[in-house]
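Here is how the chains run, residue by residue.
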Amino acid sequence: MPKAKIIIVEAGKEPRELEILGDVTTFGRTKDNSVSFAGDGNISRFHAQIKRHGEDFFVSDFGSSNGTSVNDQKISEEKLLKHNDKINFGGDNSYVIFKNEELSSEEQENEAEGFSSADVGSSQNSAANSTSGSPPPKSNVPIMLSAAAVLSGLAIVAVVAVVIVTQTNLVSGSCAPEVAILSPESGTTISEPTEIKVSVKNAKCIERVAYLLDGEEIETAEIEPYSVTLEPEKFESFKDDSSHVLTIAVYDRDGAKKLQNDQLNLAFGEADSEVPPDKPIGDNPPDDKPTPPKPSQITIAETKVLTEQFLKQFPGAYRLNTQFLIEVQKKTAEYKAPGFYLRAAPYRDVINQAFVQEQGLYAPLGYILAMSLSKFDNKKNGNSEGLWQMTNEFTASNGYNGQCGIETLSDASQNCAAHAAAIYTKAMVVNLFQGDVVYGVSCFGLSPFDAGQFQISLPPDRSDFWNVIKSPKQREMVVRFFAAGIVAENPQKFGLKQDKPLSSLYKNLLILK
């Protein structure tokens, strides 16, 4: 049996060795894996695996969020591993070095220098012949016999070539199996048994089709049409108000695994409860049970367009993750209540003065933060008060209440609340993140120390903020900010006929002062 090991490298830890003993070695963030990278947020719960096939070892990705790379080349299917290959999981913080123990120490040294043992031997023989000054000895094999041997060798090579070409065509040529998802649509909430329908190409090559949720295999199909039905009661742990990525892996007749390009973003939740038959159904529900907001009717594509338009009010270049857009699409339903413009208008002067004229912030910030946190309803929520839902203890302990005097965060004028929120927002957006609104907003609600620790942990490339920001609390803040922003700027699109865009309250103050 072939022997191999890996050198495991994690940021802030000493490298360690692990011998590969079984046929499958898995890598991920949870402790259920063979190798767990619990502290690396770039790694998915079940991220990748190394699998033994006969004498060889292959690495494959489980459909993780950030992918797997071998020698800095991202992989999309199983890849044969060679001695000293470097495998990165989700980024540069965590990786392993693959070591083939079957190689002799001499071969390992030669491989490290870019030579094979055959090359070395050939070079040594050539050197010996060149220095001896003697011609190579003549062969004693008759010429006719030599010719026959050559012809026999060519025949063998031809047969081998035919076999190789045939096998290659079976696996990766015209017989390469493919599976594409037909339904349901991305963004669907699974609240009842739902069939995942697929189209299949070259089914004769398929051994089985595996369905993975966030990289974890959840269902498998071994006969056509290779569809499966998701039963929501099996996925209680995924009912967490967030989206999960469904991917497909196809195993061919030789056991080779290939991840397919299609993926779905799915949410899991309970089915809508019906009104009990003994209660009357009418247009006016009881006062103590207000009608919940209807789900947003805009599509993911429309959500993306509106989000891109909203982002133009701020500097920076970002990549909009599909899962992020799904979360924003769902959250817009919460901000579709009419009347936000009339509630915001009385605070126009105090918001413009505190956020723009005094702190020099982007004009939309004060309004969209208030919309996302309170919908311009000045009421207490536990210890949180005012349009920006801050606490007096927090503002006092961090010195944000310097202009409040005897006023409080809940005063009708919102003068104290606006100034405290503006100072705090500037500390996050400008002082900590040099004007990066998305990351500054994600820290709204954190202490300056916690926000500073988060800022230190950020990678150089922060454009895909959804995969960089891992904290559920911070993600929720960003989702609310964008959902509130696109509703506030497009009230007619969301059926709010009597409301105006909030930008009409600050349209002359868009430039950062």
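The text that follows walks through the structure, step by step, so that each part is easy to find. (Residues numbered from 1 in each chain as written. Predicted model: local features only at pLDDT ≥ 70, side-chain atom pairs only at ≥ 80, totals over all residues. Heavy atoms only, no water.)

## Observations regarding the state of the cysteines
So, point 1. All told, the structure shown has one disulfide when counted by the stated rule.
So, point 2. Note on cysteine connectivity: Cys404 is disulfide-linked to Cys416, with sulfurs 2.0 Å apart. Here the S-S torsion is close to 80°, and the disulfide linking Cys404 with Cys416 is therefore right-handed. With Cys404 in the loop between helix 9 (392–397) and helix 10 (415–432) and Cys416 in helix 10, the pair connects residues that are twelve residues apart, well separated along the chain.
So, point 3. Taking relative accessible area as the criterion, Cys416 reaches 3% and is therefore assigned buried. (Disulfide = S-S within 2.5 Å. Helix = DSSP H or I, 4+ residues; strand = E, 2+ residues; numbered from the N terminus. Buried < 20%, exposed > 50% of the residue type's maximum accessible area, 1.4 Å probe, protein only.)

## Notes on the sheet that holds strand 12 (residues 178–183)
So, point 1. Strand order in the open sheet formed by three strands is 12-14-17, with antiparallel pairing between adjacent strands. The open sheet terminates on both sides in strands that have one partner only, identified here as strand 12 and strand 17 (228–230). Direction aside, neighbouring strands of the sheet carry axes that sit 30° apart on average.
So, point 2. Note: strand 14 (residues 194–201) against strand 17, three bridges, orientation antiparallel. Following the sheet pairing, Ile196 is matched in strand 17 by Val228. (Pairing = 2+ DSSP bridges. Axes fitted to C-alpha atoms, helices over the stretch in contact; angles between N-to-C directions.)

## As for the pairing of strand 15 (residues 206–213)
So, point 1. Among the eight residues of strand 15, six are classified as buried, and the element is accordingly described as predominantly covered.
So, point 2. Taken together, the seven bridges between strand 15 and strand 18 (residues 244–252) define a ladder with antiparallel strand orientation. Considered in strand 18, the bridge of Ile206 is made with Asp252.
So, point 3. The sheet contact formed by strand 15 and strand 16 (residues 216–221) spans five bridges and is antiparallel. Bridge pairing links Leu213 to Glu216 in strand 16.
So, point 4. Linking strand 15 back to strand 16 in an antiparallel pair, the connection comprises two residues, with Asp214 at a positive phi of about 55°.

## Details of the pattern of salt bridges
So, point 1. Using the criterion set out here, one finds 18 salt bridges in the structure.
So, point 2. With a closest N to O distance of 2.6 Å, Arg480 and Glu334 form a salt bridge. Note that Arg480 is positioned in helix 14 (residues 472–489) and Glu334 in the loop between helix 5 (322–331) and helix 6 (340–344), a separation of 146 residues in sequence.
So, point 3. The class of Arg480 is buried, set by a relative accessible area of 19%.
So, point 4. Owing to a relative accessible area of 28%, Glu334 belongs among the partly exposed residues under this scheme. (Salt bridge = Lys/Arg side-chain N within 4 Å of Asp/Glu carboxyl O.)

## Considerations on the pairing of strand 10 (residues 86–89)
So, point 1. Sheet analysis places strand 7 (residues 68–70) next to strand 10, joined by three bridges and oriented antiparallel. Its bridge partner lying in strand 10, Thr68 is registered against Phe89.
So, point 2. Both strand 10 and strand 11 (residues 94–100) contribute to a ladder of three bridges, which runs antiparallel. Considered in strand 11, the bridge of Lys86 is made with Ile97.

## Considerations on the packing of aromatic side chains
So, point 1. One pass over the full model with this rule turns up 26 aromatic pairs.
So, point 2. Note on Phe27 and Phe89: the rings are 4.8 Å apart at their centroids and 20° apart in plane angle, and the pair reads as stacked. Placement of the pair is Phe27 in strand 3 (residues 24–28) and Phe89 in strand 10, with a sequence separation of 62 residues.
So, point 3. The exposure class of Phe27 is buried, given its relative accessible area of 0%.
So, point 4. A network of ring pairs unites the aromatic residues Phe310, Phe314, Tyr318, Phe324, Tyr362, Phe465, Trp466, Phe481 and Phe482 as a single cluster.
So, point 5. Between the NZ or CZ atom of Arg208 and the centre of the ring of Tyr251, over which it lies, the distance is 4.2 Å. (Phe/Tyr/Trp six-rings, centres within 6.5 Å; stacked < 30°, edge-to-face > 60°. Lys NZ or Arg CZ within 6 Å of the ring centre and 35° of its normal.)

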